Amino acid sequence: YYFKNTTSAITSLNAVQHIVITYDGALALKVYKNGTLFEAFTLTSAIQNTTFGVKLGQRRSSSTWDNGFRGYLDDFAWIPNELTSTQVTNLYAKA
């Protein structure tokens, strides 16, 4: 899922960031930065299954992938259930 925050950037140059995105399986998507809620979205429709696969740091535009994120992704985890804000904070504290 591609999202764009219109008020501020989620990442900072030359800094390690702890980013967590949660999805409730319906319409609620939350983005946490360094253990704190950064932004919450209500989607207009549920995220659909696709044959495109998962691309971290890129988004699909029409029939091509964009240039994507320029940096490093480390310690990626896919957790099959939505985390609570307390669980996200605890993950950040352990990072």
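See the structure printed just above.
Quick caveat, the model's predicted, so the values are computed rather than measured.

**What about the environment of Ser 85?**
- Tracing the chain through its elements places Ser 85 in helix 1 (residues 85-94).
- Under the relative-accessibility criterion, Ser 85 is labelled partly exposed at 41%.
- Here the alpha-carbon distance between Ser 85 and Thr 36, two residues 49 residues apart in the chain, equals 7.9 Å.

**What to know about the packing of aromatic side chains**
- Per the stated rule, a full pass over the model turns up one aromatic pair.
- A ring pair is formed by Phe 76 and Trp 78, whose centres lie 6.4 Å apart and whose planes are at 50°; its orientation type is tilted.
- Residue classification places Phe 76 among the exposed positions, given a relative accessible area of 52%.
- For Trp 78, a relative accessible area of 64% corresponds to the exposed category.

**A word on the sheet that holds strand 2 (residues 28-33)**
- Strand order in this open sheet of three strands is 1-2-3, and the pairing throughout is antiparallel. One side of each edge strand has no neighbouring strand; the edge strands of this open sheet are strand 1 (19-23) and strand 3 (36-42). Averaged over all neighbouring strand pairs, the angle between strand axes comes to 15°, with direction disregarded.
- Examined bridge by bridge, strand 2 and strand 3 share six bridges and lie antiparallel to one another.

What counts and what doesn't
Counting restarts for each chain: residues are numbered from 1 in the order of the written sequence. Thresholds applied to this predicted model are a pLDDT of at least 70 for local features of residues and 80 or more for the giving and counting of side-chain atom pairs; totals over whole chains, interfaces and linings are not thresholded and use all residues. No hydrogens and no water enter the side-chain calculation; it runs on all heavy atoms of the structure. Each helix corresponds to a stretch of at least 4 residues labelled H or I by DSSP, and each strand to a stretch of at least 2 residues labelled E; elements are numbered beginning at the N terminus. Only protein chains enter the calculation, and the probe is 1.4 Å; a residue is then buried if its accessible area is under 20% of its type maximum, exposed if over 50%, and partly exposed in between. Whether two aromatic rings pair depends on their centres lying within 6.5 Å, for rings of Phe, Tyr and Trp, where Trp uses its six-membered ring; planes under 30 degrees apart make the pair stacked, over 60 edge-to-face, and the rest tilted. DSSP calls a pair of strands paired once it identifies at least 2 bridges connecting them. In this analysis an axis means a line fitted to C-alpha atoms, helices contributing only their contacting stretch, and an angle means the value between N-to-C directions, from 0 to 180 degrees.

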